[in-house]
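Coordinate analysis (summary)
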Amino acid sequence: MQAAASALRASARRGGLAGQHARVALANRLAAMSPVIVSRWTSSSTHASSPGPLPLYTQQVAAGQLRHDKHQLEVVHRLQALHERLAAHPSQSSNTSTSTSSSHSNSSWWSGLFGGSKRSSSGGGDNDYVPDPAVKGMYLYGDVGAGKTFLMDLFFNASPVKKKKRVHFHAFMQDVHSRIHRWKQETKTTYKASHDPLPPVAAQFAEEARLLCFDEFQVTDVADALILRRLFGELFKHQVVVVATSNRHPDDLYKGGLQRPAFVPFIELLKRQCELVRLDSGVDYRTLAFSASTLSRSYLSPNTAEANAELDEIFSTLTAQFGGQPPAPRDLIIKGRTLTVPLAKGTVAMFDFADLCLKPLDEEDFLLMSSFSHSPTYPHTPLPQSHTTQTYSPTHPHSPSLPFALFSF
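Nothing here was measured: the structure is a model prediction, and the numbers come from that model.

What to know about the nonpolar core
Among the nonpolar cores identified, the biggest contains 39 residues, and F172, F214, F217 and F232 are the most heavily contacted of them. Among the secondary structure elements, those contributing two or more residues to this core are β2 (137–141), α7 (169–186), α8 (198–208), β4 (211–215), α9 (222–237), β5 (241–246) and α10 (264–273). Among the elements that make up this core, the one with the highest residue count is α9 (7 residues).

In structure tokens, the structure reads:
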């Protein structure tokens, strides 16, 4: 069946602004991030002469690539101000790395960039003391689909900071736990229970990036909750600037979680180190982007030959922009194991229900597969209702927790 492709072609022929928005948004959605095979870190080295996110945003609006959104524009102005504060530091173009030899002292490079650190009023020696930031980061929160991730990525790509990294917060915490384990293994001959692995681990992150951008900042795991205050305290001692997106206000993070009183000091630290900015435009751009084509359909039912043919056509439409070789299986390596994506091209992948839900996969496996594929399709997916088999085809990027996306009907 040619339904999906025909709709896109019809939209292109109309040439209307709605059709243009749909085509551009679809292309931007699929090409927004590069496939991640082994490393989940996205790093970049943008030249310091970048004009910042505001000119880029206004140019795309003027070109008809984005619709005017006054709520987004207000946030972009805030991000532009942060961009300019970061660019104003004379040491911003330095490639020198901070030393990890001391877990509680800042190197001259960091001091030169951000003005050094303060001592506690008691006269020193307070390892829990975190200095006020020379450059405040940003915590961007609000309703889903309002464009938080898009705006943060716009800021990240335009940022003059040479050492910067952008990562999904869940992947970051997995990396933290892996580094803690590795540090304990490497120091097991001298390691004592009283030794804190978080200062050296935080120092590693600070050496790799002076700007950390986190997408989907949320806390659900008690192990994460109990270390965040000390971990981020160490990062902020190194004057790492944090920008994050979240669906929750900081006060609502880990709400109702085990031992939450121990987590509350982290909330206060986050609010002191980051400017809180709310984005609620009243528009869910995830669905608007596909409103001009049959790609707006969330699933195809029942599971018939016609539905499967249409799913194949949608997959072909999504992968057509990548050109080159036809779709093929792709192997992803994670901790010495191989995960096979049955069919993939560019950043689009095809999974069968059995590939995801009838195999021994864990959360980290799903995170890796979803970070590689921004437009997954899932044929032959059973719904939790009375029907035995349906064909389900998500048409917009989901959060890394694919099992939840599969059954979010």
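Alright, that's what it looks like, and here's the rest.
What to know about helix α6 (residues 148–158)
Burial within α6 is extensive, with 8 of its 11 residues counted as buried. For α6, the set of buried residues is K148, L151, M152, D153, L154, F155, F156 and A158.

Thoughts on the environment of L361
Turning to its location among the elements, L361 is positioned in the loop between α13 (353–357) and α14 (363–372). Judged by its relative accessible area of 22%, L361 is partly exposed. Along the sequence, L361 and L339 sit 22 residues apart, while their C-alpha atoms lie 9.2 Å from each other.

Description of the side chain of Q273
Structurally, Q273 can be placed in helix α10. Engagement of the side chain of Q273 in a polar contact is seen with the backbone oxygen of P131, the distance being 3.0 Å. For Q273, the residues in contact, after removing those within four places along its chain, are V130, P131, D132, P133, K136, G137 and F236.

Re unusual backbone geometry
Phi at E216 takes a positive value of approximately 60 degrees, unusual for a residue other than glycine. The residue E216 is located in the loop between β4 and α9 in this model. We note that Q239 has phi near 60 degrees; this positive angle belongs to a residue other than glycine. For Q239, the location among the structural elements is in the loop between α9 and β5.

Definitions and limits used
Residues numbered from 1 in each chain as written. Predicted model: local features only at pLDDT ≥ 70, side-chain atom pairs only at ≥ 80, totals over all residues. Heavy atoms only, no water. Core = buried A, V, L, I, M, F, W, Y, C linked by side-chain atoms within 4.5 Å. Buried < 20%, exposed > 50% of the residue type's maximum accessible area, 1.4 Å probe, protein only. Helix = DSSP H or I, 4+ residues; strand = E, 2+ residues; numbered from the N terminus. Polar contact = N/O pair within 3.5 Å; in protein donor to acceptor, adjacent residues only side chain to side chain. Contact = heavy atoms within 4.5 Å.

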